[in-house]
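Here are the chains, one letter per residue:
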Amino acid sequence: MEEKLTFKERLISGLQEFGVPRLIISGFLLMLLVLSPIVGADLPTQITNIINRFSWNGVLVLAMVPMVHSGCGLNFGLPLGIISGLLGATLSIELGFTGMMSFIMAIAIATPFAIILGSLYGWLLNKIKGGEMMVATYVGFSSVSFMCMMWLLLPYKSSTMVWGLSGKGLRTTISLEGFYNQALAGLLKISIGGVTIPLGTILFFALLAFLMWAFLHTKTGTAMTAVGSNPAFAKAAGVDVDKTRMLSVIMSTWLGALGILVYQQGFGWIQLYTAPFYMALPAVSAILIGGASVNKASIVNVILGTILFQGIVTMTPTVMNNLIRMDVSEVVRIIASMGMILFALTRKSEGKR
C-alpha cells in the first residue's frame, strides 16, 4: 500500500519541483511589489505594466516551444521570424491598409516570408545537427545585419515610413498611429481596482498557446517530441526526423513573426535596423527561467517565465528610481535584464527529462 505523504512532505516536494531559481526570482519580484508603494510608486500602475509587458512578449517566448520539442534547441535565430513580421508590417502600411485590417494583413503578408525563411533555416539546422544553437546565433545576427542594408534599398514609397528629405530608405522608428496601434490591446480592455488588463492581447496569446498545446498532443506533435527525445528511436518508428525538425523551425519562425507584430501593436512603434539584434535573448531567458530546459518546454514554462522575467525588468528600475531619487532607469533595466539573461543561461540544463 502506497504511503500517504504529510502536508510538510508534499509542500517540500512541491517547492523542489517548482525549483530553487524560480523561488528566488519569485521572492525577489514579490519583494519589489511590496516595496513599490513604500517608496512612492503606484502599485496598480506597476501591475498594469507587468501585465502589458507579459501580453506583448508572450508570443515571442511561445515561439521557443516547437524547436525545443524537436531537439533543435533554443531558437537564437528568432530574428528571422522577427524580420518576417517586420516585412509584413511595413508592406501592410505600404499597401495602404489601416486600423485592424493593417494588423490582419501584416500577419497574412508575414506568413509566406516566415515559411520561406523558416524552411531555409530548418534546412541549415538539419545539416549541422548538434550545433544548432551556436549556428542559430550567427544566423540571427547576420540576418539582422543584412536587413540593415535592405531597409535602405527596398523600394518603399509610403511617406509614413521613408526618410522625408531623400524619399529613400525606411526610418529607424515608424509610428503605428492610424494603423494597428493597440489593435489587440484596445479590444476588451477592462479595469479592476486601478489595474488595466488588455484582454484582447491576452486572449490572442491564450489562443496561440492552446493551439500549441493541442498540436503537441496530436500524432505529429507527439512525433516531434519523440524526435527531440530520441531521434534514433523516432526514425526506427518511421518518423521522418529531418522533415519533423524543419516543421518545428517553420512553426517557431512563424510564431516569431506573430510575436513581433503583437509586440508592436502594444508598443505603438515599428523599430527597424539593429532593433531585433538581441530580441532572442529575453525570449530564451524567459522560457529558461520558467523551468524549461534545452530539450523540454511547456506552456506553463512560457507563462511563468514571461511573468517573472518581465516583472523583474519592469519593477526593478521603478523601485530603484524612487528609492535613490535619481533617474537611473535605463542603467538599472540593462543590469536587471542582462543579469536575468546570464542567470537563465546558466540554468539551461535544468528541468525534468
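Residues numbered from 1 in each chain as written. Predicted model: local features only at pLDDT ≥ 70, side-chain atom pairs only at ≥ 80, totals over all residues. Heavy atoms only, no water.

Draft legend 1. View of the overall build of the protein. Across its full length, the protein holds 14 helices and four strands. Residues classed as buried in the protein amount to 49% of the 353 residues present. For the protein, the accessible surface area stands at approximately 16900 Å², while carbon and sulfur atoms represent 70% of it. (Helix = DSSP H or I, 4+ residues; strand = E, 2+ residues; numbered from the N terminus. Buried < 20%, exposed > 50% of the residue type's maximum accessible area, 1.4 Å probe, protein only. Areas by Shrake-Rupley, 256 points an atom, 1.4 Å probe, with all protein chains shown as cover.)

Draft legend 2. Molecular detail of a nonpolar patch on the surface. On the surface, a cluster of nonpolar side chains totalling about 530 Å² of accessible area is made up of Met100, Met101, Ile104, Leu187, Leu188 and Leu203. Residue placement: Met100 occurs in helix H6 (residues 99-127). (Patch = residues over 30% accessible without salt bridge, like charges linked within 9 Å, V, L, I, M, F, W, Y side chains within 5 Å. Salt bridge = Lys/Arg side-chain N within 4 Å of Asp/Glu carboxyl O.)

Draft legend 3. Summary view of the side chain of Ser248. Examined against the element boundaries, Ser248 turns out to sit in helix H11 (residues 241-267). Judged by relative accessible area, Ser248 falls into the buried class, the value being 0%. If we skip the residues at most four places from it in the chain, Ser248 touches Pro66, Met67, Ser70, Cys72 and Met224. (Contact = heavy atoms within 4.5 Å.)

Draft legend 4. The pairing of strand S3 (residues 195-198), seen in detail. Here strand S2 (residues 189-192) runs beside S3; their pairing, made up of four bridges, is antiparallel. Across the sheet, residue Lys189 finds its bridge partner in S3, namely Pro198. The loop that links S2 with its antiparallel partner S3 comprises two residues; one of these, Gly193, has a positive phi angle of about 60°. (Pairing = 2+ DSSP bridges.)

Draft legend 5. View of the packing of helix H3 (residues 43-62) against H11. Two elements in contact, H3 and H11, have axes whose closest approach is 8 Å; the angle formed by their N-to-C orientations is 170°. Relative to H11, H3 is oriented roughly antiparallel. Counted together, Ser55, Trp56, Asn57, Val59, Leu60 and Leu62 of H3 and Leu255, Gly256, Leu258, Gly259, Ile260, Val262, Tyr263, Gly266 and Phe267 of H11 form the full contact between these two elements. Each residue belonging to the contact of H3 with H11 can be placed in one class, and the counts come to 10 nonpolar, five polar and no charged. (Axes fitted to C-alpha atoms, helices over the stretch in contact; angles between N-to-C directions. Parallel < 35°, antiparallel > 145°, perpendicular 65-115°, else oblique. Nonpolar A, V, L, I, M, F, W, Y, C, P; charged D, E, K, R; others polar.)

Draft legend 6. Spotlight on the pattern of salt bridges. Applying the stated criterion across every chain yields a total of one salt bridge. Salt-bridge contacts for Lys129 lead to Asp242; the nearest nitrogen and oxygen are separated by 2.5 Å. Separated by 113 residues along the polypeptide, Lys129 in the loop between H6 and helix H7 (132-153) and Asp242 in helix H11 bring together distant segments of the chain. Residue Lys129 is classed as partly exposed on the basis of its relative accessible area, which comes to 46%.

Draft legend 7. Up close: the packing of helix H5 (residues 79-94) against H6. For the pair H5 and H6, the least separation of the axes is 7 Å and the interaxial angle reads 145°. Considering only the axes of H5 and H6, their crossing is right-handed. Contacts from Leu80, Ser84, Gly85, Leu87, Gly88, Ala89, Leu91 and Ser92 in H5 reach Ser102, Met105, Ala106, Ile109, Ala110, Phe113, Ala114, Leu117 and Tyr121 in H6. (Left-handed = near helix turned anticlockwise from the far one by under 90°.)

Draft legend 8. Inspection of the packing of aromatic side chains at higher detail. A full pass over the atoms with the stated rule returns 10 aromatic pairs. Aromatic pair Trp56 and Tyr263: ring centres 6.0 Å apart, planes at 80°, arrangement edge-to-face. Taken together, the residues Trp56 in helix H3 and Tyr263 in helix H11 connect sequence positions 207 residues apart. Note on Phe103 and Tyr180: the rings are 5.6 Å apart at their centroids and 55° apart in plane angle, and the pair reads as tilted. Highlighted residues: Phe103 in helix H6 and Tyr180 in the loop between strand S1 (173-175) and S2, separated in sequence by 77 residues. When its relative accessible area of 3% is taken as the criterion, Phe103 is described as buried. Linked through ring pairs, Trp56, Tyr263 and Phe267 together constitute an aromatic cluster. (Phe/Tyr/Trp six-rings, centres within 6.5 Å; stacked < 30°, edge-to-face > 60°.)

Draft legend 9. Here's a closer look at the environment of Ser119. Summarising the element assignment, Ser119 is placed in helix H6. Among residues more than four places away in sequence, those in contact with Ser119 are Met246 and Ile250.

Draft legend 10. Quick peek at the environment of Ser26. Position of Ser26 relative to the elements: it lies in helix H2 (residues 20-38). With relative accessibility at 24%, the residue Ser26 sits in the partly exposed group. Through-space distance from the C-alpha of Ser26 to that of Ile312 is 9.0 Å; in sequence the pair is 286 residues apart.

Draft legend 11. Examining H5 more closely. Helix length check: H5 (16 residues) gives 22 Å between terminal C-alpha atoms against 22 Å at 1.5 Å per residue, within 8%. Burial of H5 is extensive: 14 of the 16 residues sit out of reach of the surface. (Expected span 1.5 Å × (residues − 1).)

Draft legend 12. Fine view of unusual backbone geometry. Here Gln182, not a glycine, exhibits a phi torsion of approximately 60°, which is positive. Turning to its location among the elements, Gln182 is positioned in the loop between S1 and S2. Of note, the phi angle at Leu188 is positive, near 55°, even though the residue is not glycine. By the element assignment, Leu188 lies in the loop between S1 and S2. Residue classification places Leu188 among the exposed residues on the basis of a relative accessible area of 54%.

Draft legend 13. Here's a closer look at the side chain of Ser158. Along the chain, Ser158 falls in the loop between H7 and S1. Every residue in contact with Ser158, bar those within four places of it in the chain, is listed here: Ile93 and Glu94.

Draft legend 14. Looking closely at the nonpolar core. Within the largest apolar cluster, 85 residues are counted, with the highest numbers of intra-cluster contacts made by Leu62, Trp151, Tyr180, Ile270 and Ile287. Dropping the residues within four chain positions of it, Tyr180 is found in contact with Ala89, Gly99, Ser102, Phe103, Ala106, Leu261, Gln264, Gln265 and Ile270. (Core = buried A, V, L, I, M, F, W, Y, C linked by side-chain atoms within 4.5 Å.)

All quantities given are derived from atomic positions and should not be read as evidence of function.
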